[in-house]
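Fold and contact review
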Amino acid sequence: MTNKLRRSLLLLALLLITSSVVFADRVERLVDTWVPRHYVVSLTLNDKLTEIVTARTRIDLLLLKKTAVIDLDFGELKTISVSVNAEPVSFTHANGKLEVKLAKAVDPLTSMVVDIVYQGKPKDGLIMTADKDGQPSVVGDNWPNRVHHWIPVLDHPSAKAKVTFLITAPAREEVVANGRFNGVETTADGNRIWNYATGGPIPPYCMIIAVGQFARLEPTGPTLTPLSYYVPHSDRAVAIKGFAPSIPSLDYFNEIVAPYPYDKLAMIVGATQFGGMENAGAIVFTSTLFNPKPSAKISRRFGIPNGTVSVIAHEIAHQWFGDSVTESTWADLWLSEGFATYFAGLFVQRFEGETAFQEYMRAASEQVFTYEKKKLMPIFDRDTEDLMALLNPNNYQKGAWVLHMLRSSLGDEVFFRGIRDYYHAHRDDTASTEDLRGALEKASGKDLKPFFTRWIYEAGHPKYELSWQWRNRELRLVLGQVQAGNAFLDPVPVTITTASGKRDVVLKPEGKEAVETVRLGERPTKIEIDPRNTILKEATVRP
């Protein structure tokens, strides 16, 4: 039994024990009966790219407990046949579930191969539509749990597995998918079969193909992994410049985190309902990515809109966080989106400068404040049923701010060492919020439970009101917190400016009010709370 298998079984036991607590309201798909290890997905598309003529998905899986039924998530496509270990079996397919009936209950730790043959036009997940040039295209767009509309799977991000795609398409079409390109062959009727395979497991929402009459380009100069751009022909002239942040993003995250985790990176402009979708090794960006944006602020470094720079860096950061290290539950989504948002900010800091980074983080804080006026929820959200509603500033911008505060308090050396340890411990696997806390506590030697409790498991942010009085060469500072809920106990830096210069002090709240007296020979001309923006907060100062 491998270490990863032992860990999977231990996680299963913990989930079964704690599921009534962990998933208090939202019901999540648990990896509790079987776990996929490898999908082989063979699809034949029709000439107009409007339908799957025939499909076969082979699933190598492992049973985790004794069972007589393999329950798959599968949408509305017509199931033609199912076999287990090459023997036909009975099945039922209704209401988004495909239940495969085994001849008898089978013991745990048994491996088996399930084959499903099917056909039709997917309702969702595999988007069959015209590209921006009006040409037929097929693009996977699965987040959060829509891959089951075209592949029978266990559709939860923690159910990671390897995937091989064998895609038969008309000869005029270009095909790209996750994983290493293993070649293309021509069939007797003139179609072509494209072969891609991942070297390691990826979350099911990242399993995609893209088929279309793409212009395929490669950047000039060296890249640390094979890098290609797949764009509509109308974007061909702008793609190299438009994707200019790709190479430095790969280099930078390779430097500060770990080597790039996949065999290649394809940057695709195609059908997605998101600005970008981080599919492992095959990122898909919205078809409007390179459309002219006359009012956009332009990057001084790359000469393209700042928003394009940050979305490219964001999706590439996901290759490490979200794809390679995947959230254990939907409540841990910030480990994906918060990380990608913050690491895009770090890319801005490195390549655009400190002023641009501070503006990036200020804009992020404003999005959090606006969101919290509408809905006050913890980052670790166990209640929201609509998974699309989890794509909110809590998981993105507030998650990024949590990382920034940890970096500010722990220091760069400790913070990034902890992040690297966290990544290496969970690469090609899943991680929880508590896994991150453990890694940072080990790196820093500090107890971070109070911080995680207040910032991740509780809601809100500090709203500071600082009053002061200077008398007899003493400055009395009174820092109040007026937000709802518990106090935030983070040390609060305060800068005092007088005619003679500046002085920094740190207030250490133990509740919602902190009082500090400072010997000061001159009356202050200015007092600032956290002028270096190390805390997500709203703040006012009054004498």
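Coordinates for the structure precede this section.
Let us look at the structure shown here.

What counts, and at which threshold
- As a convention, each chain's residues are numbered from 1 in the sequence order in which they are written.
- Only residues with pLDDT of at least 70 are given local features in this predicted model, and only at 80 or more are side-chain atom pairs given and counted; all residues enter the totals for whole chains, interfaces and linings.
- Each side-chain value is derived from all of the structure's non-hydrogen atoms; neither hydrogens nor water enter the calculation.
- Only DSSP runs of H or I with at least four residues qualify as helices, and only runs of E with at least two residues qualify as strands; both kinds are numbered from the N terminus onward.
- Just to be clear, the radius of gyration here is over C-alpha atoms, and the globule rule we use is 2.2 Å times residues to the power 0.38.
- Working definition: with a 1.4 Å probe on protein chains only, accessible area under 20% of the residue-type maximum means buried, over 50% means exposed, and in between means partly exposed.
- Between two residues, a contact is recorded if the distance between any of their heavy atoms is within 4.5 Å.
- When charges are counted, Lys and Arg contribute as positive and Asp and Glu as negative, whereas His and the chain ends are disregarded.
- Taken as the charge location is NZ of Lys, CZ of Arg, CG of Asp or CD of Glu.
- At least two DSSP bridges between two strands are required for those strands to pair.
- Only the stretch in contact is used when a helix axis is fitted, and all axes are lines through C-alpha atoms; the angle between N-to-C directions ranges over 0 to 180 degrees.
- Think of a salt bridge as a Lys or Arg side-chain nitrogen and an Asp or Glu carboxyl oxygen that are within 4 Å of each other.
- Any angle between 65 and 115 degrees counts as roughly perpendicular, while under 35 counts as roughly parallel, over 145 as roughly antiparallel, and the rest as oblique.
- It is the rotation of the near helix from the far one that decides the hand of a crossing: anticlockwise by less than a right angle makes it left-handed, clockwise makes it right-handed.
- Any residue that is not Ala, Val, Leu, Ile, Met, Phe, Trp, Tyr, Cys, Pro, Asp, Glu, Lys or Arg is counted as polar, Gly included; the first ten are nonpolar and the last four charged.

Regarding its fold elements, the protein chain presents 10 helices and 29 strands. Scaling as 2.2 N^0.38, a compact globule of 543 residues should have a C-alpha radius of gyration of about 24 Å, and the protein chain matches this with 26 Å. On the principal axes, the C-alpha backbone points of the protein chain span a range of 95 × 55 × 40 Å. When each of the 543 residues of the protein chain is scored for burial, the buried share is 57%. Looking at the protein chain alone, contacts between residues at least 24 apart form 70% of all its contacts between residues at least 6 apart. One finds the centroid of the 62 positive side-chain charges in the protein chain at a distance of 4 Å from the centroid of its 63 negative side-chain charges.

Let us look at the sheet that holds strand S24 (residues 474–481). Spatially, 4 strands are ordered S27-S24-S23-S29 in an open sheet, and the strand pairing comes out mixed. Edge positions in the sheet fall to strand S27 (513–519) and strand S29 (538–542), since each has one partner strand and no second. On average, adjacent strands in this sheet sit at an angle of 20 degrees to one another, irrespective of strand direction. Bridging between S24 and S27 involves 7 bridges; their strand directions are antiparallel. Counted as the bridge partner of Glu474 is Arg519 from S27.

Counting through the fold element by element, Ile527 comes out in strand S28 (residues 526–529). Owing to a relative accessible area of 9%, Ile527 belongs among the buried residues under this scheme. Put simply, Ile527 and Ile496 are 31 residues apart on the chain and 4.7 Å apart in space, counted from C-alpha to C-alpha. What Ile527 contacts, discounting residues up to four positions off in sequence, is Leu466, Trp468, Leu475, Leu477, Val494, Thr495, Ile496 and Val541.

So, about the pairing of S24. Every other side chain in a regular strand lies on the same face of the sheet, so the side chains alternate between the two faces. Burial runs high along S24: 6 of the 8 residues are buried. Bridge count for strand S23 (residues 463–471) against S24 is 8 bridges, and the pairing is antiparallel. Bridging across to S24, Tyr464 finds its partner in Gln481.

It is worth spelling out the pattern of salt bridges at this point. Proximity of charged atoms lets side chains of opposite charge pair with each other. All told, the structure shown has 27 salt bridges when counted by the stated rule. When the shortest N-O distance is used, the salt bridge between Glu99 and Lys101 registers 3.3 Å. With a relative accessible area of 27%, Lys101 lands in the partly exposed category. Within the structure, one salt-bridge network assembled from shared partners comprises Arg29, Asp71, Asp73 and Lys97.

Now for the packing of helix H4 (residues 306–317) against helix H5 (residues 334–352). Relative orientation of the contacting elements H4 and H5 amounts to 125 degrees, with a least axis distance of 8 Å. With respect to H5, the axis of H4 lies oblique. Relative to H5, the crossing made by H4 is right-handed. In contact with Val309, Ser310, Ala313, His314 and Ala317 of H4, H5 contributes Glu337, Ala340, Thr341, Phe343, Ala344, Phe347 and Glu352. Of the residues belonging to the contact of H4 with H5, the class tally is 7 nonpolar, 3 polar and 2 charged.

Attention now moves to the sheet that holds strand S16 (residues 215–217). If you walk across this open sheet you meet the 5 strands as S16-S17-S18-S20-S19, and the pairing is mixed. Here the strands that pair on one side only, and so sit at the sheet edges, are S16 and strand S19 (276–277). Summarising the sheet, S19 and strand S20 (residues 282–285) pair through 2 bridges and their orientation is antiparallel. Residue pairing for S20: Met277 is matched across the bridge by Val284. This element, helix H3 (residues 246–256), spans strand S17 (227–231) and strand S18 (265–269) of the sheet and lies at about 140 degrees to S17. Against the sheet, H4 makes contact with S18, S19 and S20, and its axis sits at roughly 150 degrees relative to S20, the strand it touches most.

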